[in-house]
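Analysis of the macromolecular model
These are the residues of each chain, in order.
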Amino acid sequence: MSVDRISWETEIASWRSVMPATRAGSAAEPSSGSGQEHLTAKARRRSPLLAYQRVCLVLDLVAIVGSAALAYVLRFSIGDGVARPDTLYVATALLLAIVWICVLAWRGAYDARSIGTGTEEHKRVVGAALLTFGTVASLSFLFDTEVSRAFVVISIPLGLLASVAGRLSARRWLRGRRGDGRYLYRTLLIGTPHQTFDMRTNFDADRAAGFRVVSEIDPPSSAAGVDLWLDALADHLYRERVDAVAVGRCETVTPDVLRRLAWTLEGPRIDLMVAPGFTDFAGPRLSVRPAAGLPLIHLDEPRLTRPQRFLKGAFDRTLAALALVLLSPVLLVIALLVGLTSRGGVFYTQYRVGRKGKLFRCWKFRSMVTGADRLRAEVLGTPDASMPDRYRTDPRITGVGRFLRRWSLDELPQLFNVLGGSMSIVGPRPMLPDEMSLLETDHHRRHLTKPGLTGLWQINGRKQTTWDERMHLDLSYVEQWSPALDLVIIAKTMKVVLTGHGAY
């Protein structure tokens, strides 16, 4: 198969010839986003396996509902030979289907990068079944339901077997279609001619893996040309309708270049596969998935899937509501102290930057004198290494306010923000709109998630951290997010707040 190979100099020249003169001020300079904004502005690429994902969802629903019906028949046909309809079991079967499908989605059983090949898909299906069984069994015990244990014991194993059988049948069908050239990821190879030849040979030899090479491109020849290379690459990805990018280990593709390439691919959600030598950069975002037998590793995007975002949001709102109820007496006392000891309102609201750069009103107990925001630039100035010292001697803070800040009590009203959905319990530090101009291009990635009531900055020095340290901590959270990380941060926050470490 003939595949176009394009040198990076040729691609940049092509990009410059069609680039609007108004872009970034002139045709000779790249944008500060280095391709990401340009590519994101284009239409998002739909996964080649979107139809197959829907087929898997339908097969799972049929398997789960069918197994529940069969389990009901088997359980209640043994005694008197007749299986009578029962509203309780119909409702239980529907609830079981909903819970099971949600768990499958949360476990990534419909992730386009894991279905259709390899053992990872079956591991996730089995794991979801076990988790569903534990959830249903626990709920039955807690609420002392009248649902027969035999019904649960029969329906879930049957559903698992039927689901796996359905997936195997769908996979055989998919392999046949891929052999005909359908449902393939249009793939771009980045590397030296020798590297791309080896990758292309393996991809072409194993169509069942799901990749079809459409073009190859040389890596940047020097660090000075990375910005132009990324911008040209972004246009090339759109023109060729690329679904996946495979990168060989090259001297000029440094961890920093690879990081910026990964950010460029996040907008249109193009799959990225890298050589094992990049493991020092990617860390927890690496996941081993089959790639036609090649020594390539998939690099996941640092974003929450819809099920993960739903679960994180539900956890945040539940915890915020519970905390507001338990702390209501404390909130009332603080409100009285603030109102009686200084002139001004009890609460202080301020616009902060939220997820995707949207502004929201952040609530706090007033801890400064009225009009303190107008004195911010005069007192604190531009963030720099001495910022912690200026925070420590800030004359705008009232006596009660200093006590509230010492124990982080002034931030308790932000629980209302969490309850309303503009903040999370854990996330990057809420940023002022005036601070946006201080951010470098890479720093804007902190807005991929909602800002948090607490975060890595809270457990690593709080006000004592420098500006650069705060940015690093925020970006680290975005890159490494996981439910376990949130729990660790919440636990450590309680310790930090109780000791008052880093606050003044």
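Residues numbered from 1 in each chain as written. Predicted model: local features only at pLDDT ≥ 70, side-chain atom pairs only at ≥ 80, totals over all residues. Heavy atoms only, no water.

**Side note on the overall build of the protein chain**
- Helix and strand counts for the protein chain come out as 17 helices and 11 strands.
- Residue burial in the protein chain is summarised as follows: out of 504 residues, 48% are buried.
- A separation threshold of at least 6 residues defines the contact pool for the protein chain, and within that pool the share at least 24 residues apart is 73%.
- Of the roughly 24,600 Å² of accessible surface on the protein chain, 62% is carried by carbon and sulfur atoms. (Helix = DSSP H or I, 4+ residues; strand = E, 2+ residues; numbered from the N terminus. Buried < 20%, exposed > 50% of the residue type's maximum accessible area, 1.4 Å probe, protein only. Contact = heavy atoms within 4.5 Å. Areas by Shrake-Rupley, 256 points an atom, 1.4 Å probe, with all protein chains shown as cover.)

**Concerning the nonpolar core**
- If you look at the biggest cluster of nonpolar residues, it comprises 41 residues, and the most contacted ones within it are Leu49, Tyr52, Trp100, Leu104, Phe151, Phe203 and Phe211.
- For this core, the secondary structure elements donating two or more residues are helix H3 (50–77), helix H4 (87–106), helix H5 (120–143), helix H6 (149–179), strand E2 (185–190), helix H7 (193–205), strand E3 (211–217) and strand E4 (244–247).
- For this core, the element with the most residues is H4, which contributes eight residues.
- Not counting residues up to four positions away in its chain, the partners in contact with Trp100 are Ile64, Ala128, Ala129, Thr132, Ser155, Ile156, Gly159 and Leu160. (Core = buried A, V, L, I, M, F, W, Y, C linked by side-chain atoms within 4.5 Å.)

**Topic: the packing of aromatic side chains**
- Per the counting criterion, the structure on display carries five aromatic pairs.
- Taking the centre distance of 5.9 Å and the plane angle of 35° together, the rings of Tyr185 and Phe211 count as tilted. With a gap of 26 residues between them, Tyr185 in strand E2 and Phe211 in strand E3 connect regions that are remote in the sequence. Each member of the pair, Tyr185 together with Phe211, is buried.
- Among the aromatic residues, those joined into a ring-pair cluster are Tyr185, Phe203 and Phe211.
- The lysine or arginine in question, Arg406, covers the ring of Trp407, its NZ or CZ lying 5.5 Å from the ring centre. (Phe/Tyr/Trp six-rings, centres within 6.5 Å; stacked < 30°, edge-to-face > 60°. Lys NZ or Arg CZ within 6 Å of the ring centre and 35° of its normal.)

**Some points on unusual backbone geometry**
- The backbone of Arg241 shows a phi angle near 50°, a positive value even though the residue is not glycine.
- Within the secondary structure, Arg241 sits in the loop between helix H8 (226–239) and E4.
- If you check the backbone angles, Lys356 has positive phi at about 60° while not being a glycine.
- Tracing the chain through its elements places Lys356 in the loop between strand E8 (347–353) and strand E9 (359–365).

**Some thoughts on H4**
- Under the 1.5 Å per step criterion, the end-to-end length of H4 is 29 Å for 20 residues, consistent within 8% with the ideal 28 Å.
- Where H4 terminates, the next one or two residues include Gly108, which has phi positive at roughly 80°. (Expected span 1.5 Å × (residues − 1).)

**A short note on empty space enclosed by the protein**
- Counted by the stated rule, this structure contains four cavities of 30 Å³ or more.
- In this structure, the largest cavity encloses a volume near 80 Å³.
- Lining the largest cavity are 12 residues; nearest its centre among them are Ala112, Arg113, Tyr185, Ala209 and Phe211.
- Looking at the lining of the largest cavity, its residues break down into seven nonpolar, two polar and three charged. (1 Å grid on protein atoms, 1.4 Å probe; cavity = no way out; pocket = protein on both sides within 12 Å on 5 of 7 lines; lining within 4 Å. Points joined across faces, edges and corners; volume = space filled by probe spheres on them. Nonpolar A, V, L, I, M, F, W, Y, C, P; charged D, E, K, R; others polar.)

**Some details on the pairing of E4**
- Here E4 shows a buried face lined by Ala244 and Ala246 and a second buried face lined by Val245 and Val247.
- As defined by bridge partners, E2 adjoins E4 across four bridges and the pair is classed as parallel. Across the sheet, Ile190 pairs through a bridge with Val247, a residue of E4.
- Where E4 lies against strand E5 (residues 271–274), four bridges are found, and the strand directions are parallel. Looking at the pairing, Val245 lines up with Leu272 of E5. (Pairing = 2+ DSSP bridges.)

**Brief notes about helix H9 (residues 255–266)**
- Between its terminal C-alpha atoms H9 stretches 17 Å, which fits the 16 Å expected from 12 residues at 1.5 Å a residue.
- Taken across its 12 residues, H9 has nine buried, putting it largely inside the fold.
- Three or more residues of H9 are buried, namely Val257, Leu258, Arg260, Leu261, Ala262, Trp263, Thr264, Leu265 and Glu266.

**Section: the pattern of salt bridges**
- In this structure the tally under the stated criterion is 13 salt bridges.
- Of the charged contacts, one joins Arg167 and Asp60 as a salt bridge, the two residues approaching to 2.7 Å between their closest N and O atoms. Of this pair, Arg167 sits in helix H6 while Asp60 is found in helix H3, placing the two residues 107 residues apart along the sequence. Summarising the burial analysis for this pair, Arg167 and Asp60 share the class buried. (Salt bridge = Lys/Arg side-chain N within 4 Å of Asp/Glu carboxyl O.)

**Quick word on the side chain of Ser367**
- Within the element layout of this structure, Ser367 appears in the loop between E9 and helix H12 (376–380).
- A polar side-chain atom of Ser367 sits 2.9 Å from a polar atom in the side chain of Arg405.
- Once you skip the residues sitting within four places of it in the chain, Ser367 turns out to touch Arg396, Ile397, Thr398, Gly401, Arg405 and Asp410. (Polar contact = N/O pair within 3.5 Å; in protein donor to acceptor, adjacent residues only side chain to side chain.)

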